[in-house]
Amino acid sequence: MAFKPHVSSWGYAFFLTVNATSTWAGIFPFLPLEFQTAEVTLTFFLAQSLAFWGAFLASVFGSYWFPHEARRMLVSLSAIMVFTGSACLIGAMYLADFTLVLVGGGGVLLGVGCAGLFMLWQRYFASLPSEEGNLRLMVGTALAPFIYFALYLVPIALTAFLIPLVFVPLCGLCVALSVREMKVDQPMFEDVPRQHPRVYRQVMSDFWRSALCVGALAFASGVIRGIALLHQEVSTVVNVASMLGSFISAAVLLVLWYRASFRFGLTTVFRVVYPLIITGFLLLPFLGAFYLNLFAALTYMVFSLVLMLMMMQCAQVSRDRGINPVFIYAFFGSVVYLMQSLGFLLGWLSDSVSSMGSEWLFVVAMISSYVLGLTLLAASGTLFKNLTGRAAVQADPIEFLPLRREPVRISQDSPGDQDASGIRAEDADSLRGDKPGKKRRSDTAKRRSVEKKRRNRPSPSEDFGTIRDRLSKQCFDLKDAYGLSSRETEVMELIARGHSVAVIAEKLVISENTVRTHSKHIYTKLDIHSRQELLELLETLNG
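Criteria and thresholds
- Residues numbered from 1 in each chain as written.
- Predicted model: local features only at pLDDT ≥ 70, side-chain atom pairs only at ≥ 80, totals over all residues.
- Heavy atoms only, no water.
- Helix = DSSP H or I, 4+ residues; strand = E, 2+ residues; numbered from the N terminus.
- Buried < 20%, exposed > 50% of the residue type's maximum accessible area, 1.4 Å probe, protein only.
- Contact = heavy atoms within 4.5 Å.
- Areas by Shrake-Rupley, 256 points an atom, 1.4 Å probe, with all protein chains shown as cover.
- Core = buried A, V, L, I, M, F, W, Y, C linked by side-chain atoms within 4.5 Å.

Draft legend 1. How the structure looks around the overall build of the chain. Helix and strand counts for the chain stand at 21 helices and two strands. Sorting the 543 residues of the chain into buried and exposed places 55% on the buried side. Taking all contacts inside the chain whose residues are at least 6 apart in sequence as the whole, residues at least 24 apart take part in 80%. Counting only carbon and sulfur atoms, one obtains 63% of the accessible surface of the chain, whose full area is about 23900 Å².

Right, here's the structure in full:
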């Protein structure tokens, strides 16, 4: 796949830059420091965070009860709100009598406008095939730091006007151009939620743990934001660390994705970073200002990574289950940004516990560790269930199929003596210089190891993740050979077993229209046209 940045990647990069310069918890890196008093920053944060979170919460209910209205792409309205909010902040610097009013109004406009643009970008990336959508999202995330750091070369007085007059219109233009290529004839855009309430209940049941994990990391970043406004030396680190984290996480994911396929979930990411974050909080009261800056940078780097993964996760859920992308993203956002706001208030108010020493840092460390610990228990399924009970069902993981995937040909001749590439095993051994059968025994051992992992892999449905019989194994081999996603493999196996569209929809808790769309994608990738051709193709595989 070509690596040339698409217009959507540039537009998303401009949008992230706008966020970094105006809406990150009242930290304005390009506005005069004398303007950023405690009263101004707290007023802005409360107005912006409440409006931001309220927009996501309203979108959850709006996309469910009014799906037709929620499909409207309000690009101009969102861009105008961000532009007007930025103008209010500039006006507040010159109109001293109306400073707090303009700051509060600017916070509301920026909060609602940025939430609207976030959901517009989410809808766009979700509408693309997963490979294409994830690539454009990551490239845009990697480009944003270069644009952001370039602003440091521009005088501060000019930058304050550059954002609303140049970057916001560019972002709106890129969104408008990107929207033109969206394919709206997909189940996610045509679905009427009230006709399938069970599907939406199942989605919330499967993904509330993932949302809570992201929310816990948002809580940690919110605490650091609150501390940053109390300590000027920390506030200069926060935005820089976040942009660096965005670049590093996007670059690493791109390199890994280019070389191999892998899959993971947001709960897995939380378990990996949990020891680092909680250890950081526990050491917070005992180490000095340098450590505080270092920990703030680490927290924001992690949060930047998780926000990007959250968009990918929500986009994949929309594709796999055929639900409105605004609904699932707004559901995540309403949880995540509420917890971030609570974390900010903790970091901000904890300073009032003591005016001497570092007693307030003990309060921060204690409460933050408690929240992170409860989240870990909830994510592992042991908070609301007995430890001996059935483990929590893992939500669909984010799946990356390798970008460097060579076309695979499966021959119809002597299938039992060929591997997935269509080369006879004896010929492959000869080409490699191995003794006949030696490599085949090694491949068999590796395959058994993979099958063992598959048997233990949690899955959102009982019909996937376990090698039960020959047909099940053939479907997994076909998945690897043709680059099918896990959900497509799941649907393919059920089709091969003779289940009707209605039965598959019932088993997977998705709409029948979504099943038909997955079937169409499967047949296109396999270059077949019927279930009989699918069975014939499966029979060509080792089993």
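Draft legend 2. A look at the nonpolar core. Counting 122 residues, the largest nonpolar core has Tyr 12, Phe 56, Trp 121, Phe 281, Leu 284, Met 312 and Phe 332 as its most contacted members. The greatest single-element share of this core, amounting to 17 residues, is contributed by helix α12 (residues 289-321). Filtering out sequence-adjacent residues up to four positions away, Leu 284 remains in contact with Ile 227, Tyr 291, Leu 292, Phe 295, Leu 361 and Val 364.

Draft legend 3. Representation of the environment of Ile 528 within the structure. Summarising the element assignment, Ile 528 is placed in the loop between α20 (512-526) and α21 (531-539). Residues within four places of Ile 528 in sequence aside, it is in contact with Tyr 523, Glu 533 and Leu 534.

Draft legend 4. Spatial organisation of unusual backbone geometry. At Val 509, a position not held by glycine, the phi torsion is positive, near 55°. Here Val 509 lies in the loop between α19 (501-508) and α20. The class for Val 509 is buried, based on a relative accessible area of 8%. Phi at Asp 527 is positive, roughly 60°, even though this residue is not glycine. On the secondary structure map, Asp 527 appears in the loop between α20 and α21. Under the relative-accessibility criterion, Asp 527 is labelled exposed at 62%.

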